[in-house]
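Residue-level structural notes
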Amino acid sequence: MEPYRIKVVEPIPITTREYRERVYAAAGYNQFNLTADDVTIDLLSDSGTGALSAEQQAAGMRGDETYAGARSWFRFREVAEDLTGYRHIYPVHQGRAAERILFTALLEPGQVSLSNTHFDTTRANVELVGAVARDIPCPAAKDLDSDEPFKGDIDLVALEEALSGPDDVGQVLMTITNNGGGGQPVSMANIKAASKLCRKHGVPFILDAARFAENAWLVTQREKKYQDRSPRDVAKKAFRLADGCVLSLKKDGIVHIGGMLALNDPDLAKQCELLLIATEGFRTYGGLSGRDLDMCAQGLVEVTDPLYLRERAEATAYLADCAREAGVDSVRPTGVHAVYLNAARLLPHVPPSRFTGHALASELYLAGGIRCAEVGSLYLGEIDSSGELVTPAPFELVRLAIPRRVYTRSHLEYVAETLAGIAKNPEKVPGYRLTEAPAMLRPFRCRLEQVR
Ligand SMILES: *Cc1c(COP(=O)(O)O)cnc(C)c1O
C-alpha cells in the first residue's frame, strides 16, 4: 500500500465520451493541445507532476529569498553534496539547462557524445553545440519481451570500440534509468565498467541522473551484489563512479521545477559557472527561488525511502500486469516510472504509416479521458513534408508515465479497465493521418485526422 495518506485533494474532471470526441477533434487529435480540464487521468509525463509532501511544503515556507548566499542554497548544497559527492554543485531551473551549460563548456563541434540512449532534449543540446549524439544501447534492449534485468545498459563492446577508434569522443553520458529505452535500469556493473573505460581513455563520464533513485531501487532488486544495500547507498556509489551529472529534479527530486549540474573538475566547473550566471542566475540560486531550493533538498532526501520506492515500483508493475491479463502487452520487465504498451501487437490492423501508437494513445483518451504519450513512428519516425511516413520507428509504443505520489491504485485500476475495454474490440480502433507536419518538434505541434 501507499506509505502515506492524503491531506490535500484536487478534483479530477469526469467527462463523457461524446464530450471527448468533440474536444479531441478540435485539438487536431494531438493530446498536447488538450487542456487540463479535458483530462481525467494524466499519464502524459512524470516530470514536475508529482505531489509535494507536508515536509516539502514546510521546507518551502522556510525558503530564504536572499539574492546571493541564501540559507536555502546552503541547505540544498549540503544534501546534493552528500548524495553525489561532487565538489561543484549548481542549481538550474530544469534538467535541459544543465545540459546546455555543460555541453557548451565541454563539447567541441564535430566531437561525439556516446550514450546508452540520449533523452530528446539531451540529444538536441548535444547537436546545438555542433557535436554528434550517438546511442549505443546494449543488444538486449532490442527484445521487448525478454526478462533481462538490465536492458538500460550501454553496449560495452561498442563503447570500447568507439573510444579506441578514430572519432574524437567528447563525453560518455549514461542515462539512469534509460528513459528513451523503455525506462529500463542500468546495472552497477555496467556503470562501473563504462567508468573504467572512460578513465582509461581520458574521456569525461557523466550521468544523466533524472531517475537515479528509481535506478538504484531496481539495482537492489535485480543485481545480487546489491540486494542488501539501501537505494541511497547504491545511488551514492553510482554518482561516485562518474565525473559529474546533469539532473532534472522534476523527476526524482519530486518537485514541480528544478534541476542541477554537478562536477568534480574545477576548470570545467569555472566555465559552467560563467554560463550559469549569464543565462540562469547567480551560482547560489541558478534560476530557482529559495523555496524551490528547499523543497528540492527535502525531495532528494525523501525519494530514496525504500518504502516509497517499493510501493511506486509495485504500483507500476500492478498496472502492467492488469494490462497484460487483459491482453495488452508492455515492455518487459516493467520499470518504475512508466508502463510502455506494445501498440503494434494489440493493433496489427493499424500499420506504422497510420501511427499505431498514436491510435492506441488516442483511444485511451476517447474511451477513458486518459492522456499519455506515443513513443513510435509519430515521435521517432522519419516523415516527409507531406506528412507521409518514410522510415518507421523501431517500435510502436505508448508510454503511460506515472506521476509520483499522485494517483492511487484505484485510479490505476480504472486505467487497466479502460485498456481491457479497448482490447475486447481492438479492430475498431482507427488509424491516423497527419494534416499538419511541422519539421521541428513535430509531436508537440502536429495535427491529425482519423482514417477509418
Ligand atoms: C526529463 C529528462 C531530461 C530533461 O529534464 P527537464 O527537467 O525536462 O529539462 C533529461 N534527461 C532525462 C533522462 C529526462 O528524463
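See the structure shown above.
Reference entry: report on the structure contained in this document. These figures come from a predicted structure and were not determined experimentally. (Residues numbered from 1 in each chain as written. Predicted model: local features only at pLDDT ≥ 70, side-chain atom pairs only at ≥ 80, totals over all residues. Heavy atoms only, no water.)

Another point: the overall build of the protein. Each helix and strand counted, the protein has 17 helices and 16 strands in total. Radius of gyration (C-alpha) of the protein: 22 Å, near the 22 Å computed for a compact globule of 452 residues. The principal-axis extent of the C-alpha atoms belonging to the protein is close to 60 × 55 × 45 Å. Partitioning the intrachain contacts of the protein with sequence separation of at least 6 by distance along the chain shows that 72% fall at a separation of at least 24. Summed over its atoms, the accessible surface of the protein is roughly 18900 Å², and 53% of this surface lies on carbon and sulfur atoms. Positive and negative side-chain charges in the protein, numbering 52 and 60 respectively, have mean positions lying 3 Å apart. (Helix = DSSP H or I, 4+ residues; strand = E, 2+ residues; numbered from the N terminus. Rg over C-alpha atoms; globule rule 2.2 N^0.38 Å. Contact = heavy atoms within 4.5 Å. Areas by Shrake-Rupley, 256 points an atom, 1.4 Å probe, with all protein chains shown as cover. Lys, Arg positive; Asp, Glu negative; His and termini not counted. Charge placed at Lys NZ, Arg CZ, Asp CG, Glu CD.)

The next subject is the side chain of Arg20. As for its placement among the helices and strands, Arg20 is situated in helix 1 (residues 17-26). The side chain of Arg20 sits in the buried core without any salt bridge; Glu21 is the nearest counter-charge, 7.9 Å away. One polar contact links the side chain of Arg20 to the main-chain carbonyl oxygen of Thr15, over a distance of 2.8 Å. With residues up to four places along the chain from it excluded, the contact list for Arg20 reads Thr15, Tyr365, Leu366, Ala367, Gly368 and Gly369. (Buried < 20%, exposed > 50% of the residue type's maximum accessible area, 1.4 Å probe, protein only. Salt bridge = Lys/Arg side-chain N within 4 Å of Asp/Glu carboxyl O. Polar contact = N/O pair within 3.5 Å; in protein donor to acceptor, adjacent residues only side chain to side chain.)

This part covers the environment of Gly286. Relative to the elements of secondary structure, Gly286 occurs in the loop between helix 10 (266-279) and helix 11 (290-302). Ignoring any residue separated from it by four or fewer positions in sequence, one finds Gly286 in contact with Pro91, Val92, His93, Leu276, Glu280 and Gly281.

In this section: the pattern of salt bridges. All told, the structure shown has 28 salt bridges when counted by the stated rule. Across the pair Arg77 and Glu81 runs a salt bridge whose closest N-O atoms are separated by 4.0 Å. Pair noted here: Arg77 and Glu81 are both in helix 3 (residues 71-84), with a separation of 4 residues, about one helical turn. Its salt-bridge partner being Asp82, residue Lys236 comes within 3.5 Å of it at the nearest N-O pair. Taken as a pair, Lys236 in helix 9 (residues 231-240) and Asp82 in helix 3 lie far apart in primary sequence, 154 residues in all. One network of salt bridges, with partners in common, ties together Asp46, Arg211, Glu214, Asp252, Arg312 and Arg404.

Geometry of an aromatic ring pair is reported as the spacing of the ring centres plus the angle between the planes. Under the criterion given, the structure shown has 9 aromatic pairs. On the numbers, 6.1 Å between centres and 90° between planes, the contact of Tyr86 with Phe239 is edge-to-face. Note that Tyr86 is positioned in the loop between helix 3 and strand 2 (88-92) and Phe239 in helix 9, a separation of 153 residues in sequence. Residue classification places Tyr86 among the buried positions, given a relative accessible area of 2%. Pairwise contacts between aromatic rings join Tyr24, Tyr29, Tyr365 and Tyr432 into one cluster. In this structure, Lys251 is placed above the aromatic ring of Phe119, and the distance from its NZ or CZ to the ring centre is 5.4 Å. (Phe/Tyr/Trp six-rings, centres within 6.5 Å; stacked < 30°, edge-to-face > 60°. Lys NZ or Arg CZ within 6 Å of the ring centre and 35° of its normal.)

Right, let's get into the packing of helix 8 (residues 212-222) against helix 9. Direction vectors running N to C along helix 8 and helix 9 enclose 115°, while the axes themselves pass 8 Å from each other. With respect to helix 9, the element helix 8 is oriented roughly perpendicular. The chirality of how helix 8 crosses helix 9 is right-handed. Contact residues: helix 8 offers Phe212, Ala216, Trp217, Val219 and Thr220, while helix 9 offers Pro231, Val234, Ala235 and Phe239. For the contact of helix 8 with helix 9, a count of residues per class yields 8 nonpolar, 1 polar and no charged. (Axes fitted to C-alpha atoms, helices over the stretch in contact; angles between N-to-C directions. Parallel < 35°, antiparallel > 145°, perpendicular 65-115°, else oblique. Left-handed = near helix turned anticlockwise from the far one by under 90°. Nonpolar A, V, L, I, M, F, W, Y, C, P; charged D, E, K, R; others polar.)

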